[in-house]
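Here's the letter readout for the chains.
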Amino acid sequence: MKNLLIALAFIVALGYTAEAQKTQTYYKVGESNLNVGIGLGSTLVGNLDLPPISASYEVGSNLFNIPNVSLGGYVGFAQSSESYFSWKWSYTHIIVGARGSYHFYGNNLWDCYGGLMIGYNIVSSSIDGPDDDIFGYSAAGSSLTGSLHLGARYYISKSFGLYAELGYGVAFLNIGATFSM
């Protein structure tokens, strides 16, 4: 419930900011970006076996008549594991979600934005040990998930750039390439 209240407060704050900046358009309707990156740090259970990877796609929208808004989708993947005595648990996380961002600053080189995602974390697990069924339960726990993000893109050319996003999702920090279409 606390996370939902924080998300709602964030949306309201973005709305007021958008109202104050209606005369400036940083992200146009129909403009789109594809981000592909790797994550550093994670909120997931266990120790990461490989860095998380993610992709997001957003298209400029005029949602509720608010300029500088983009809507799109997100997919993230991570594997983690943990060991106790002779047992090893392995987890696979696939996060699929819908996301929206408000672009609060932009020019020919920079695009700065913040937003939220609501999705589903598909978790599968396996156990490896002397007696694989000793505990008689699975550690899988798929569930709804949500996250906030704050990011920036730096364009090297008109259609290619680099991006970084701080957030609470498959990773605390995602860095990678962005493609403008």
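Please refer to the structure placed before this passage.
1. A word on empty space enclosed by the protein
Part 1 of the argument: What the rule picks out here adds up to two cavities of 30 Å³ or more.
Part 2 of the argument: Its boundaries defined by the atoms lining it, the largest cavity holds a volume of some 130 Å³.
Part 3 of the argument: Going through the elements one at a time, β7 (143-155), β8 (160-167) and β9 (173-180) are the ones with two or more residues in the lining of the largest cavity.
Part 4 of the argument: Residues of the lining of the largest cavity, tallied by class, amount to nine nonpolar, five polar and two charged.
Part 5 of the argument: Each pocket or cavity is described by its volume, and for the second largest cavity that value is around 30 Å³.
Part 6 of the argument: What lines the second largest cavity is S54, A55, S56, Y74, R99, Y163, E165 and N174.
Part 7 of the argument: Of all the elements in the fold, those that place two or more residues in the lining of the second largest cavity are β3 (53-61) and β8.
Part 8 of the argument: Considering every element that reaches the lining of the second largest cavity, the biggest residue donor is β3, with three residues.
Part 9 of the argument: For the lining of the second largest cavity, the class distribution of residues is three nonpolar, three polar and two charged.

2. Quick notes on the packing of aromatic side chains
Part 1 of the argument: Under the criterion given, the structure shown has two aromatic pairs.
Part 2 of the argument: A ring pair is formed by F160 and F179, whose centres lie 5.5 Å apart and whose planes are at 50°; its orientation type is tilted. Of this pair, F160 sits in strand β8 while F179 is found in strand β9, placing the two residues 19 residues apart along the sequence.
Part 3 of the argument: Residue F160 is classed as partly exposed on the basis of its relative accessible area, which comes to 29%.
Part 4 of the argument: With a relative accessible area of 33%, F179 lands in the partly exposed category.

3. Quick notes on a nonpolar patch on the surface
Part 1 of the argument: On the surface, I38, L40, I53, V75, F77, I94, V96, Y120, I122, L144 and I175 cluster together into a nonpolar patch covering about 920 Å² of accessible area.
Part 2 of the argument: Mapped onto the secondary structure, L144 falls in strand β7.
Part 3 of the argument: Note on L144: relative accessible area 70%, which makes it exposed.

4. Quick word on the layout of surface pockets
Part 1 of the argument: Put simply, the second largest pocket is a space of about 330 Å³.
Part 2 of the argument: If you trace the second largest pocket, you find 14 residues lining it, with Y26, E31, N107, N108 and Y155 closest to the centre.
Part 3 of the argument: A breakdown of the residues in the lining of the second largest pocket according to their chemical character gives four nonpolar, six polar and four charged.

5. Section: the nonpolar core
Part 1 of the argument: In terms of nonpolar packing, the biggest core is built from seven residues, these being L44, Y74, A78, I95, M117, V170 and A171.
Part 2 of the argument: Apart from residues no more than four positions distant in its own chain, V170 is found in contact with G41, S42, L44, P52, S54, Y74, F77, A78 and I95.

6. Some points on the environment of Y57
Part 1 of the argument: Along the chain, the position of Y57 falls in strand β3.
Part 2 of the argument: Considered as a pair, Y57 and S70 are 13 residues apart in the sequence and their alpha carbons are 9.3 Å apart.
Part 3 of the argument: Excluding residues within four positions of it along the chain, Y57 makes contact with S32, N33, L34, L71, G72, G73 and M181.
Part 4 of the argument: A polar atom in the side chain of Y57 sits 3.4 Å from the side chain of S32.

Basis of the calculations
- Residues numbered from 1 in each chain as written.
- Predicted model: local features only at pLDDT ≥ 70, side-chain atom pairs only at ≥ 80, totals over all residues.
- Heavy atoms only, no water.
- 1 Å grid on protein atoms, 1.4 Å probe; cavity = no way out; pocket = protein on both sides within 12 Å on 5 of 7 lines; lining within 4 Å.
- Points joined across faces, edges and corners; volume = space filled by probe spheres on them.
- Helix = DSSP H or I, 4+ residues; strand = E, 2+ residues; numbered from the N terminus.
- Nonpolar A, V, L, I, M, F, W, Y, C, P; charged D, E, K, R; others polar.
- Phe/Tyr/Trp six-rings, centres within 6.5 Å; stacked < 30°, edge-to-face > 60°.
- Buried < 20%, exposed > 50% of the residue type's maximum accessible area, 1.4 Å probe, protein only.
- Patch = residues over 30% accessible without salt bridge, like charges linked within 9 Å, V, L, I, M, F, W, Y side chains within 5 Å.
- Areas by Shrake-Rupley, 256 points an atom, 1.4 Å probe, with all protein chains shown as cover.
- Salt bridge = Lys/Arg side-chain N within 4 Å of Asp/Glu carboxyl O.
- Core = buried A, V, L, I, M, F, W, Y, C linked by side-chain atoms within 4.5 Å.
- Contact = heavy atoms within 4.5 Å.
- Polar contact = N/O pair within 3.5 Å; in protein donor to acceptor, adjacent residues only side chain to side chain.

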